[in-house]
Amino acid sequence: SMTSVSRLLLVSLQLLILQKSHAFISIPSSRAKSYSDLNAKSMSPDEIETWMSKVPVYAITENGSGGVVLLKGDAAGKKEICNFFTHVEDANKMMMAIQNANPKQEKDSMIVRPFYLGVIWFGLLFSSDNKDDGVEYRLVPSQKDLRDARELSSTHKFASPFGEIPIFVNWQMRIMDNGTEVLDIQTACEGFDGSSEYEIKVEDLKAVVAKMEKDPEIDFRSSLLIPPIIEESQAKKETKAKTQSILDAETEW
């Protein structure tokens, strides 16, 4: 059952994020030369992680230790599941489903926490170090993002509820960021207000990252990846403030 708590990840992901050395994503010497040999637009994993740094993803964690709550997979699956949601609302809904399925569990025993997308991407989702740890790490977009992506895409992509992460871009549109003109890339389609005269395109984040590492058509250093907008209701204001507070504390560490 997707709503049954299996166990807690013994190594807290919070500690993983606080490892500022990021040894787990350093470029091996055998690969370092390959990046310098590519054109100047290609980016290293460290640069891509920084590019992702403004975008949080959300996981359900144990309130005391910070360990991430794992879920049981289907009957045929041997691995447990660790979900990272691109929208905090979806993480909260899953947490409520878990709590409803486990009425004897204390309501405040779990909390939704933000994590840096870049660190999760290279440290867990696409790290060879986690192949045999018995956990399947999933990045989960919202159903609305997937619907928007399917409407904009001419292919059969974005059918899976996880794994394919749509990002939305207007290739002709630029915004100002700290006095610099940058390409605006949104992680949710509603980030565009509909006033643009140019067409919005959808891309798969994994495919874009692969292009960044090899031979991108543009220099993505001059782009900005923007997280989904959190509506400013009072409850969501508190969630937004709590998210920023946690991320700021980890940065200061």
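**Structural notes on helix α5 (residues 117-125)**
Most of α5 sits out of view: nine of its nine residues are buried. Along α5, the positions that sit buried rather than exposed are Leu 117, Gly 118, Val 119, Ile 120, Trp 121, Phe 122, Gly 123, Leu 124 and Leu 125.

**What to know about the environment of Val 119**
Relative to the assigned elements, Val 119 resides in helix α5. Judged by its relative accessible area of 3%, Val 119 falls in the buried class. Along the sequence, Val 119 and Glu 49 sit 70 residues apart, while their C-alpha atoms lie 6.5 Å from each other.

**Re the nonpolar core**
Counting residues in hydrophobic clusters, the biggest one holds 32 residues, and the most contacted among them are Trp 51, Met 52, Phe 84, Leu 117, Trp 121 and Leu 205. Sorting the residues of this core by element identifies α3 (45-51), β2 (56-62), β4 (80-85), α5, β6 (135-140), β7 (166-177), β8 (180-186) and α7 (205-213) as the ones contributing at least two each. Considering every element that reaches this core, the biggest residue donor is α5, with six residues. Residues in contact with Trp 121, not counting those within four places in the same chain, are Met 52, Phe 126, Leu 139, Leu 205, Lys 206 and Val 209. Residues Ile 60, Met 95, Met 110 and Val 140 belong to the second largest nonpolar core, which totals 15 residues.

**Observations regarding helix α4 (residues 88-101)**
In a regular helix each residue adds 1.5 Å, so 14 residues correspond to 20 Å; α4 covers 20 Å between its end C-alpha atoms and thus fits that length. Val 88, Ala 91, Met 94, Met 95, Ile 98 and Gln 99 are the residues of α4 that are buried. Along the long axis of α4, the arc covered by the buried residues comes to 140 degrees, so they all point the same way. The exposed residues of α4 that point more than 90 degrees off its buried face are Lys 93 and Asn 100.

**Considerations on the sheet that holds strand β9 (residues 201-204)**
Overall, mixed pairing links the four strands, which are arranged β9-β7-β8-β10 in an open sheet. Either end of the sheet is taken by a strand with one partner, and the two such strands are β9 and β10 (223-226). Taken over all neighbouring pairs, the strand axes of this sheet differ in orientation by 40 degrees on average, direction set aside. Here β7 runs beside β8; their pairing, made up of six bridges, is antiparallel. Paired with Arg 174 across the strands is Leu 183, a residue of β8.

**Let's talk about the packing of aromatic side chains**
In the structure shown here, the tally under the stated rule is four aromatic pairs. Arranged with centres 6.0 Å apart and planes meeting at 90 degrees, the rings of Phe 84 and Phe 115 form a pair that is edge-to-face. Of this pair, Phe 84 sits in strand β4 while Phe 115 sits in strand β5 (residues 110-116), placing them 31 residues apart in sequence. Take Phe 84: its relative accessible area is 0%, and that puts it in the buried class. On the basis of relative accessible area, Phe 115 is assigned to the buried category, the value being 1%. Between Trp 121 and Phe 126 the ring centres are 4.6 Å apart and the planes differ by 50 degrees, which places this aromatic pair in the tilted class. Under the relative-accessibility criterion, Trp 121 is labelled buried at 4%. Among the aromatic residues, those joined into a cluster by ring pairs are Trp 51, Trp 171 and Phe 220. In this structure, Arg 138 packs its charged tip against the face of Phe 162, placed 3.9 Å from the ring centre.

Cut-offs and rules
- Residues numbered from 1 in each chain as written.
- Predicted model: local features only at pLDDT ≥ 70, side-chain atom pairs only at ≥ 80, totals over all residues.
- Heavy atoms only, no water.
- Buried < 20%, exposed > 50% of the residue type's maximum accessible area, 1.4 Å probe, protein only.
- Helix = DSSP H or I, 4+ residues; strand = E, 2+ residues; numbered from the N terminus.
- Core = buried A, V, L, I, M, F, W, Y, C linked by side-chain atoms within 4.5 Å.
- Contact = heavy atoms within 4.5 Å.
- Expected span 1.5 Å × (residues − 1).
- Arc of directions from axis to C-beta.
- Pairing = 2+ DSSP bridges.
- Axes fitted to C-alpha atoms, helices over the stretch in contact; angles between N-to-C directions.
- Phe/Tyr/Trp six-rings, centres within 6.5 Å; stacked < 30°, edge-to-face > 60°.
- Lys NZ or Arg CZ within 6 Å of the ring centre and 35° of its normal.

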